[in-house]
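Fold and contact review
Here's the letter readout for the chains.
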Amino acid sequence: MTTTLFRHPRIHTLAAESPIDGAIVARDGRIVFVGEADAAREFAGPDADVVELPGAAVLPAFHDAHIHSGARVLERLGPELRGTESYAETLELLREWAEEHPGDAWVMGGAWNANPWNDGAPDRRDLDEIFGARPVLLSTIDGHAAWANTAALELAGVTDATADPDGGRIVRDDAGRATGLLLEGAADLVGEYVASVTPGQLADLLDEQQDELLAMGLVQLTDIDDLEVGDAYLQLQREGRLRIRVHKMLRDAELEGAIADGWRSYDGDERLTRGAVKLFSDGALGPHTAHLHEDFEGEPGNSGIAVTDDAELRALTRRAVDAGIAVAVHAIGDRANTRVLDVFEEVADAARAAGLRLRLEHAQHLKPRDIDRIAGLGVVASMQPTHCTTDYPLSVQLLGGRATQHYPWRSLFDRGVTLAFGSDAPVEPANPFFAIHAAVTRQRRDGEPAGGREPEERISVREALLAHSLGSASAAGLERETGTLEVGKFCDFIAVDADPFDAEPSTLWRTQVEATIVAGEVAFRR
């Protein structure tokens, strides 16, 4: 039984307001003492290993409450279109990639965003010219639309005559021909035919990713991808290669199988736990498919897409709760959030009695009355602060001056709502300090907009750190295990090069992790 004493003059436990000049004592992966250095040495005993921690401060390790860790590694296998400013630039990057990566395997990846383009729109014929008969399916940066070529459409049996699926739209030109642009559920028509990597390859990719995550101070993930990713994490655990902690969600299409297999939310061990079923209420801002009470500005007749209709959303939610499975619903638009809360009202008592957390994933645009409903129902707001800043100024352009609150962290926090912060990577960078900066300043990393977008919704450094640690733990039913540095909890923490409590807010995103400790052992040192 190894006892380790970690010494540092500035330990922010987040369980107390003030930092401690002292030490943390770990035994069997958990904290057994936090306090003054001399008392810690006496408690630990003469045989304890002593580690002098680097950096300016110590903080609880981060928990990303919403990350697509499988998509993050798979995206790198295809072309990278993130940040292109024109359609011409996008096509040129695709030509270069095709020349450098010949073959006949599916082409995936993309992360494209057409909103800045003013010289063209995704068209399958352009992909045909570049890739020929090689099937291509390129997702938008937010994953709510995809661009397919003719070969991919043919493999999936999608023709000009194919009807729009429920919760999706096949974009067509003026002549009624499918352009290859598939919105929301329409992308699944092709996506189910994609030949991806083998389970072993996926496990290896996730293993490599752990080094990056630990270097950012991320020790716990709530993974939003399908159970193929969960199986890869199980493989890593069996092989002794799982170095982080994973709280694994499942998708709506996997619900019945999970119930049959006895899935129960919060079951698991210290490394791998089971989470909620992830449902979808609407789309996203990027492809103009977020579900709104009022039409998008300048787009009469387009108020977004209800990806799952009310009856099915109600049935799936009730089915999950009755089976002991928590529910998390993607909801970005204000109408989408209203619809989800209508459903949550019907199951809130049953979920509370079963100890299940109901979660709104994103909760970006809310009617003021719905903020009060979130608080009253005890719903967790799982939010990604960098969305607020990277969506600017697009969200202002698309939503205008309607009576809706946007990314209202202050309003939610003041009403006692549990905020659980994450990244939504690979949509956004996974670095938690980018999120802390966005939450505290409501500015992009380039300082725009001046003064911050709707600065009245800013929160403090302490509140932001808690949302990215204890809040995320609470959303996963893990608040007794992690999230603050207290006796009995996992000994998971980070040492950073600058104390965020003392830093100029505009510099918070530059904070570097000097060391990451997982279960009382140094897992990363810069």
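Refer to the preceding data block for the structure.
These numbers were taken from a predicted model, which means no experiment stands behind them. (Residues numbered from 1 in each chain as written. Predicted model: local features only at pLDDT ≥ 70, side-chain atom pairs only at ≥ 80, totals over all residues. Heavy atoms only, no water.)

1. Quick word on the pattern of salt bridges
Stated formally: Salt bridges are defined by distance alone: a side-chain nitrogen of Lys or Arg within 4 Å of a carboxyl oxygen of Asp or Glu. In DSSP terms, a helix is any run of H or I states spanning at least four residues, a strand is any run of E spanning at least two, and both are numbered starting from the N terminus. Working definition: with a 1.4 Å probe on protein chains only, accessible area under 20% of the residue-type maximum means buried, over 50% means exposed, and in between means partly exposed.
Summed over the entire model, instances satisfying the criterion amount to 42 salt bridges. Residue D21 is joined to R7 by a salt bridge in which the shortest nitrogen-to-oxygen separation is 3.0 Å. Residue D21 is found in strand β2 (residues 20-27), and its partner R7 is found in strand β1 (residues 3-11); the two are separated by 14 residues along the sequence. Under the relative-accessibility criterion, R7 is labelled buried at 16%. R373 is the partner of E345 in a salt bridge, and the nearest nitrogen-oxygen pair spans 3.3 Å. Taken together, the residues E345 in helix α11 (residues 334-353) and R373 in helix α12 (residues 368-377) connect sequence positions 28 residues apart. What you see here is one network of salt bridges that share partners, running through D204, D207, D211, E239, R241 and R243.

2. What about the pairing of strand β11 (residues 178-184)?
Convention followed: At least two bridges found by DSSP between two strands is the condition for calling them paired.
For β11, the buried fraction is high: seven of the seven residues fall into the buried class. Note that strand β9 (residues 145-148) and β11 share three bridges and pair antiparallel. Bridging from a neighbouring strand, W147 pairs with L181 of β11. Between strand β10 (residues 168-172) and β11, which pair antiparallel and follow one another directly, the connecting turn spans five residues, one of which, G176, has a positive phi of 85°.

3. Things to note about the packing of helix α10 (residues 310-322) against α11
Where we set the bar: Inter-axis angles, ranging from 0 to 180 degrees, are taken between N-to-C directions of lines fitted to C-alpha atoms, where helices are fitted over the stretch in contact. For classification purposes, an angle smaller than 35 degrees is called roughly parallel, one larger than 145 roughly antiparallel, one from 65 to 115 roughly perpendicular, and anything else oblique. Note on convention: the crossing is left-handed when the near helix lies turned anticlockwise from the far helix by less than a right angle, right-handed when the turn is clockwise. Note on definitions: a residue-residue contact is assigned when non-hydrogen atoms from the two residues lie within 4.5 Å. Only Asp, Glu, Lys and Arg are considered charged, only Ala, Val, Leu, Ile, Met, Phe, Trp, Tyr, Cys and Pro nonpolar, and every remaining residue, Gly among them, polar.
Following both chains from N to C, one finds α10 and α11 inclined at 20°, their axes separated by 10 Å at the closest point. For the element pair α10 / α11, the angle class is roughly parallel. Between α10 and α11 lies a crossing whose hand is right-handed. Between α10 and α11, the residues in contact are D310, L313, R314, T317, R318 and V321 and R339, V340, V343, F344, E346, V347, A350 and A351, respectively. Class assignment for the residues of the contact of α10 with α11 results in eight nonpolar, one polar and five charged.

4. Let's talk about the side chain of R134
We apply this condition: A residue counts as positive if it is Lys or Arg and as negative if it is Asp or Glu; His and the chain ends are not included.
Residue placement: R134 occurs in the loop between α4 (124-131) and β8 (137-140). Of the buried charged residues, R134 lacks a salt bridge, with D104 as the closest side chain of opposite charge at 6.3 Å. Dropping the residues within four chain positions of it, R134 is found in contact with W97, H101, P102, G103, D104, A105, V107, N149 and A151.

5. Things to note about the environment of D310
Checked against the element boundaries, D310 lands in helix α10. For D310, a relative accessible area of 37% translates into the label partly exposed. Placed 30 residues apart in sequence, D310 and V340 show a C-alpha to C-alpha distance of 8.4 Å.

6. Digging into α10
Stated formally: Given the number of residues in a helix, its expected span is that number minus one, multiplied by 1.5 Å. The arc in question is the one traced by the directions running from the helix axis out to the C-beta atoms. Polar contacts here mean pairs of N or O atoms no more than 3.5 Å apart (in protein, one a potential hydrogen donor and the other a potential acceptor; neighbouring residues in sequence count only if both atoms are side-chain atoms).
End to end, α10 covers 18 Å across 13 residues, agreeing with the expected 18 Å (1.5 Å per residue, within 8%). All buried positions along α10 are accounted for by L313, L316, T317, A320 and V321. The buried residues of α10 occupy an angular sector of 125° when projected down its axis, which confines them to one face. Set apart from the buried face of α10 by more than 90 degrees, the exposed residues are A311 and D322. Tucked into the core, α10 has its buried residues touching α9 (255-260), β14 (272-280), β15 (327-331), α11 and β16 (358-362). Where α10 begins, the capping side chain belongs to D309, and its oxygen is found 3.2 Å from the backbone nitrogen of A311. Positive backbone phi, at 80°, marks G324, one or two positions downstream of α10.

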